[in-house]
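Now for the letters of each chain:
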Amino acid sequence: QVQPVETGGALVPPGGSLRLSCRGDESFFRNDRMGWYRQAPGRQRELVAGMTKDGQTDYHDSVKERFTISKDNARRRLYLQMNGLKPVDTAVYYCNSGPTLEPTSRLLLPWGLGTHVTVSS
C-alpha cells in the first residue's frame with residue numbers, strides 16, 4: 001500500500017477557490033469509499049467530503065454547497081473543488097480510502113503528507 005499524494009494547497013483570500021488533487025494507487029481506488037479530510041492546528045482530523053465507489057457523495061455540513069468531491073478513475077485522481085473559501089477552512093488537507101471513512105479507523109490506507117490550505121487576507 002502506497003501513501004496517497006495530495007497537491008494543490010495554497011494561500012488564498014477569503015472567497016477564493018482552490019482545486020485539490022489526490023494521486024492514489026490501485027489499492028486506493030479499489031476501496032469502497034474515498035474521501036477528503038482536514039486537520040486544523042490544535043484540532044482532530046475530520047472528514048469533509050466522501051464518495052462511494054459508485055459515485056454517491058456526502059459532505060460535512062460546514063462545506064456543503066461550497067466543496068465538491070470528484071474522481072477520475074482512469075487517471076487515479078481524486079479531486080476536491082473548494083469555492084467560497086473561509087478562514088475557518090484553513091487546515092492541512094488529506095485524502096484517503098477504505099471500507100470506512102472514519103478518521104481514526106485502522107482500515108484506512110497510510111496517511112500522506114497532506115497539502116496546506118490557508119485562507120487569509
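Up top is the structure.
Description of the structure in this document. (Residues numbered from 1 in each chain as written. Predicted model: local features only at pLDDT ≥ 70, side-chain atom pairs only at ≥ 80, totals over all residues. Heavy atoms only, no water.)

Some points on the overall build of the protein
And then number 1: Counting its secondary structure elements, the protein contains 1 helix and 10 strands.
And then number 2: For 121 residues, the compact-globule estimate of 2.2 N^0.38 gives 14 Å, and the C-alpha radius of gyration of the protein, at 13 Å, lies within 12% of that figure.
And then number 3: A total of 121 residues make up the protein; the buried ones form 45% of that total.
And then number 4: Looking at the protein alone, contacts between residues at least 24 apart form 57% of all its contacts between residues at least 6 apart.
And then number 5: Accessible surface computed for the protein: about 6600 Å², of which carbon and sulfur atoms make up 47%.
And then number 6: Computed over 16 positive and 12 negative side-chain charges, the separation of the two mean positions in the protein equals 4 Å. (Helix = DSSP H or I, 4+ residues; strand = E, 2+ residues; numbered from the N terminus. Rg over C-alpha atoms; globule rule 2.2 N^0.38 Å. Buried < 20%, exposed > 50% of the residue type's maximum accessible area, 1.4 Å probe, protein only. Contact = heavy atoms within 4.5 Å. Areas by Shrake-Rupley, 256 points an atom, 1.4 Å probe, with all protein chains shown as cover. Lys, Arg positive; Asp, Glu negative; His and termini not counted. Charge placed at Lys NZ, Arg CZ, Asp CG, Glu CD.)

Concerning the pattern of salt bridges
And then number 1: In the structure shown here, the tally under the stated rule is 7 salt bridges.
And then number 2: Between Arg76 and Glu26 there is a salt bridge, with the nearest N and O atoms lying 3.8 Å from each other. Highlighted residues: Arg76 in the loop between strand E7 (67-72) and strand E8 (77-82) and Glu26 in helix H1 (residues 26-30), separated in sequence by 50 residues.
And then number 3: Given the relative accessible area of 49%, Glu26 is considered partly exposed.
And then number 4: A salt bridge links Asp61 to Lys64; its shortest N-O distance comes to 3.1 Å.
And then number 5: For Asp61, a relative accessible area of 61% translates into the label exposed.
And then number 6: We classify Lys64 as partly exposed; its relative accessible area is 40%. (Salt bridge = Lys/Arg side-chain N within 4 Å of Asp/Glu carboxyl O.)

Describing the nonpolar core
Side chains of nonpolar character tend, in soluble globular proteins, to be buried together.
And then number 1: Judged by nonpolar contacts, the single largest core of 26 residues is most densely connected at Phe28, Trp36, Ile69, Leu78, Leu80, Met82 and Tyr93.
And then number 2: Within the residue set of this core, elements represented by two or more residues are strand E3 (18-23), H1, strand E4 (33-39), strand E5 (46-52), E7, E8, strand E9 (91-98) and strand E10 (115-119).
And then number 3: In terms of nonpolar packing, the next biggest core, distinct from the first, is built from 5 residues, Tyr37, Tyr94, Leu101 and Leu108 among them. (Core = buried A, V, L, I, M, F, W, Y, C linked by side-chain atoms within 4.5 Å.)

As for the packing of aromatic side chains
And then number 1: Per the counting criterion, the structure on display carries 3 aromatic pairs.
And then number 2: Relative to Trp111, the ring of Tyr37 has its centre 4.9 Å away and its plane inclined at 85°; by these criteria the two rings are edge-to-face. Linking Tyr37 in strand E4 with Trp111 in the loop between E9 and E10, this pair joins segments that are 74 residues apart in sequence.
And then number 3: When its relative accessible area of 0% is taken as the criterion, Tyr37 is described as buried.
And then number 4: The interplanar angle of 80° and the centroid separation of 5.8 Å between the aromatic rings of Tyr94 and Trp111 together place this pair among those described as edge-to-face. Within this pair, whereas Tyr94 is found in strand E9, its partner Trp111 is found in the loop between E9 and E10, the two being separated by 17 residues in sequence.
And then number 5: With relative accessibility at 10%, the residue Tyr94 sits in the buried group.
And then number 6: The rings of Tyr37, Tyr94 and Trp111 are connected pair by pair, giving a single aromatic cluster.
And then number 7: Geometry around Tyr79 places Arg19 over its ring, the cationic atom sitting 3.8 Å from the centre.
And then number 8: In this structure, Arg45 packs its charged tip against the face of Trp111, placed 3.8 Å from the ring centre. (Phe/Tyr/Trp six-rings, centres within 6.5 Å; stacked < 30°, edge-to-face > 60°. Lys NZ or Arg CZ within 6 Å of the ring centre and 35° of its normal.)

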